[in-house]
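A structural walkthrough
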Amino acid sequence: MRDALYSHVQRLPLSFHDRWPSGQLLARGTTDLRSLHTFLSLPLTFLPVNVATLLVGCTLLLVQNWFLALVFLIPVLPLVALGYFLESRYALASRRARDQGSDLTTLVVDSVLGVRVIKSFGHHRHLTRAFRLRAHRLRGTELRKARVLAALSALLVALPEAALGAAVAVGAVQIADGDLSAGTLLAFLAIALEMRPAVTSTGLLLAMSGEAATAADRFFDVLDEPAPADAVAGSPMRRTPAGAPPAALTFDHVEFRYPDAPAGEPAVLRGVDLRLAPGETVALVGATGSGKTTLAALVPRLHEPTGGRVLLDGQDVTTLPRAELRGQVSVALDEPTLFSASVAENVLLGADHADEHDLARALHIVQAHDFVQELPHGVHTPLGEHGMNLSGGQRQRLALARAVVGEPRLLILDDPLSALDIHTESLIEAALRSVLATTTALVIAHRPSTVLLADRVALLSGGRIAAVGNHDELLHGNEEYALLMTALGSAGNLLHSGGTGEFR
Ligand SMILES: Nc1ncnc2c1ncn2[C@@H]1O[C@H](COP(=O)(O)OP(=O)(O)OP(=O)(O)O)[C@@H](O)[C@H]1O
Ligand SMILES: [Mg+2]
């Protein structure tokens, strides 16, 4: 079940991950599955034993003396009804406790991952208070659960005792009347007492079954989320054969709206038309929040367009198997994500079958070979969680290496050089030029220096491509572009453009 959960979560679309907090998923894979495990290993074996004991016991009692047996068994009816009522209350409380526990986990995950920000803003006191509040709420729910369980257990102990007392009293009267032998009453009591542990332990078993049912519900909450049919986790990416020609990329009136966007808000992309010829490098420029990253994410189908089409070599990407599509398209998103694995593993994530040679080449391109060599075990040095033991620029270079290692037919770089000093930036730029020469590329750029890597520039504005041209044309012909580049770029970079000076 854990395997199924993990691989399903891997296959689920990004829109699912936007909705589901990490703690909820984490708790489902750990505590929920553990309580199912506990249920399967203990209560599940005891329940049939208990049921058999009770059935055989009741039959023997009825055969021995049906009148006494009825006196003993009649309280069972209210017991079942009350037990059912309490059990359903317990199930509700148990579900709430689990959801609250998961919220608590989310808070812990967030604060562990964001520990640097939290410390530097002195935010820990606030978080501790938030944690205490949630923990207190969870404690309240757990106490409610304990109370219901206590009531259930008390009922399951007291009612059978009372019934047994009644049976003994009636039996004594029958003996006095000479209707019953003392031996028969003793035998009756012996059987009834033998059944007692089965009745009293049923309370706990029911509670554990309730917990397991809740856990199963929560497990299937995730497993029932539909995953795209061809998003097979673990299916190898098909790597482009070496020397495959660059791809053509076309955005044909692409529209996109995030599923959780507020109703009145306009869609992020409202009819993007753009064509990248094979081998061409196009820079995508736009104000922050204009939808550049969103547009880039549509190509490897991290999101599906809500209108229009994205075409790779004239073929709608939605008709391509994902494994094939992602083997041809490589993406470095704006936030470099590294995993708790070695440098080599992090980079080679970008391509199956890539070897040491490809790794070295990629590290050279992104100017990472020097600092990687200085790490204690070179490319085999394990990176800390999220690569936090590297500098921002080093992380960015490794993420970039991952994008170029597989020699993709289409390369998408989201602001690839943002965290680098000018010297490293120019070194990488020089190396990137050789990569960009052999592939089609969409480079999202905030700075004139990055824009200059491209053959053409497209300006994304108002959810559309507002202008296309080369850097100089747009700088002089398009006010918005000029503003973006002068506001964000440095004066030194502008000198590149050979402009008239009005923007310096
Ligand atoms: N997962 C999401 N769910 C809902 N809305 C989102 C999501 N991601 C982004 N948005 C919204 O979509 C818009 C475009 O975001 P996007 O990340 O594409 O901008 P961008 O052009 O890449 O900006 P930047 O230059 O700052 O990286 C923003 O208004 C943002 O609030
Ligand atoms: Mg972005």
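Definitions and cut-offs
Residues numbered from 1 in each chain as written. Chains lettered and ligands numbered in written order. Predicted model: local features only at pLDDT ≥ 70, side-chain atom pairs only at ≥ 80, totals over all residues. Heavy atoms only, no water. Helix = DSSP H or I, 4+ residues; strand = E, 2+ residues; numbered from the N terminus. Rg over C-alpha atoms; globule rule 2.2 N^0.38 Å. Buried < 20%, exposed > 50% of the residue type's maximum accessible area, 1.4 Å probe, protein only. Contact = heavy atoms within 4.5 Å. Areas by Shrake-Rupley, 256 points an atom, 1.4 Å probe, with all protein chains shown as cover. Lys, Arg positive; Asp, Glu negative; His and termini not counted. Charge placed at Lys NZ, Arg CZ, Asp CG, Glu CD. Core = buried A, V, L, I, M, F, W, Y, C linked by side-chain atoms within 4.5 Å. 1 Å grid on protein atoms, 1.4 Å probe; cavity = no way out; pocket = protein on both sides within 12 Å on 5 of 7 lines; lining within 4 Å. Points joined across faces, edges and corners; volume = space filled by probe spheres on them. Nonpolar A, V, L, I, M, F, W, Y, C, P; charged D, E, K, R; others polar. Patch = residues over 30% accessible without salt bridge, like charges linked within 9 Å, V, L, I, M, F, W, Y side chains within 5 Å. Salt bridge = Lys/Arg side-chain N within 4 Å of Asp/Glu carboxyl O. pLDDT = per-residue confidence, 0-100. Near = heavy atom within 4 Å. Polar contact = N/O pair within 3.5 Å; in protein donor to acceptor, adjacent residues only side chain to side chain. Pairing = 2+ DSSP bridges. Axes fitted to C-alpha atoms, helices over the stretch in contact; angles between N-to-C directions. Phe/Tyr/Trp six-rings, centres within 6.5 Å; stacked < 30°, edge-to-face > 60°.

This part covers the overall build of the protein. Regarding its fold elements, the protein presents 20 helices and 10 strands. The C-alpha radius of gyration of the protein comes to 34 Å, more than 25% above the 23 Å expected for a compact globule of 504 residues. Expressed along its principal axes, the backbone C-alpha trace of the protein runs to roughly 120 × 50 × 45 Å. By residue count, 46% of the 504 residues in the protein fall in the buried class. Sequence separation of 24 or more characterises 76% of the internal contacts of the protein that already satisfy a separation of 6 or more. Element-wise, carbon and sulfur atoms account for 61% of the exposed surface of the protein, whose accessible area totals about 25,000 Å². Charge centroids of the protein, computed over 42 positive and 50 negative side chains, lie 6 Å from each other.

A general tendency of soluble globular proteins is for nonpolar side chains to be buried together. Grouped together as the largest cluster of nonpolar side chains are 36 residues, with contacts concentrated most on Val-347, Leu-363, Leu-398, Leu-411 and Leu-413. Looking at this core, the elements with two or more residues in it are helix 12 (343-348), helix 13 (356-365), helix 14 (369-374), helix 15 (392-404), strand 7 (410-414), helix 16 (422-436) and strand 8 (440-444). The residues contacting Leu-413, other than those within four sequence positions of it, are Ala-332, Leu-400, Ala-403, Leu-432, Leu-442, Val-443 and Ile-444. In terms of nonpolar packing, the next biggest core, distinct from the first, is built from 28 residues, Ala-296, Leu-298, Ala-458 and Leu-460 among them.

So, about the layout of surface pockets. Considered as a void within the structure, the second largest pocket measures approximately 540 Å³ in volume. What lines the second largest pocket is a set of 24 residues, and nearest its centre among them are Leu-54, Val-76, Leu-79, Val-80 and Val-199. Breaking the lining of the second largest pocket down by element, the ones donating at least two residues are helix 4 (43-64), helix 5 (66-73), helix 6 (76-113), helix 8 (124-176) and helix 9 (182-223). Per-class residue counts for the lining of the second largest pocket are 20 nonpolar, 2 polar and 2 charged.

On the surface, a nonpolar cluster with roughly 510 Å² of combined accessible area is contributed by Leu-62, Trp-66, Phe-67, Leu-70 and Ile-74. With 3 residues, helix 5 is the largest single contributor of residues to the nonpolar patch. Tracing the backbone through its elements, the reader meets Trp-66 in helix 5.

Attention now goes to the confidence of the model for the protein. When pLDDT is averaged along the protein, the result is 86, and 94% of the positions lie at 70 or above. Predicted confidence in the protein is weakest over helix 20 (residues 491-496), with a mean pLDDT of 42, and strongest over strand 1 (residues 249-256), with 95.

On to the pattern of salt bridges, then. With the rule as written, the count across this model stands at 18 salt bridges. In this structure, the salt-bridge partner of Asp-99 is Arg-218, at a minimum N-O distance of 2.6 Å. Within this pair, whereas Asp-99 is found in helix 6, its partner Arg-218 is found in helix 9, the two being separated by 119 residues in sequence. Connected through shared salt-bridge partners, Arg-28, Asp-32, Arg-95, Arg-98, Asp-99, Glu-142, Lys-145, Glu-211, Arg-218 and Asp-221 make up one network.

Close contacts around ligand 1 come from 14 residues, with Thr-288, Gly-289, Lys-292, Thr-293 and Thr-294 the closest. In this structure, an oxygen atom belonging to ligand 1 sits 2.6 Å away from a side-chain N or O atom of Thr-288. At 2.9 Å, a backbone N or O of Gly-291 approaches an oxygen atom of ligand 1. Against a free-state accessible area of 640 Å², the protein chains account for coverage of 64% of ligand 1. If you tally residues by element for the shell around ligand 1, the top one is helix 10 (residues 292-298), at 3 residues. Classifying every residue of the shell around ligand 1 gives 3 nonpolar, 7 polar and 4 charged.

Further remarks concern the sheet that holds strand 9 (residues 456-461). Two orientations exist for strands paired in a sheet by backbone hydrogen bonds: parallel and antiparallel. Within the open sheet, the 6 strands sit side by side as 6-7-8-3-9-10. Their pairing is mixed. The open sheet terminates on both sides in strands that have one partner only, identified here as strand 6 (329-332) and strand 10 (464-469). Taking the axes of each pair of neighbouring strands and ignoring which way they run, one obtains an average angle of 20 degrees across the sheet. Pairing of strand 6 with strand 7, which is carried by 4 bridges, proceeds in the parallel orientation. Counted as the bridge partner of Ser-330 is Leu-411 from strand 7. Docked against the sheet, helix 15 engages strand 6 and strand 7, running at close to 175 degrees with respect to strand 6.

Across all of its chains, the model carries 5 aromatic pairs by this definition. Residues Trp-66 and Phe-67 carry aromatic rings whose centres are separated by 6.1 Å and whose planes lie at 85 degrees to one another, so their mutual orientation is edge-to-face. On the accessibility criterion, Trp-66 (56% relative accessible area) is exposed. Overall, the relative accessible area of 38% leaves Phe-67 in the partly exposed class. Here Phe-256 and Tyr-258 contribute two aromatic rings whose centre-to-centre distance is 4.9 Å and whose plane-to-plane angle is 85 degrees, an arrangement assigned as edge-to-face.

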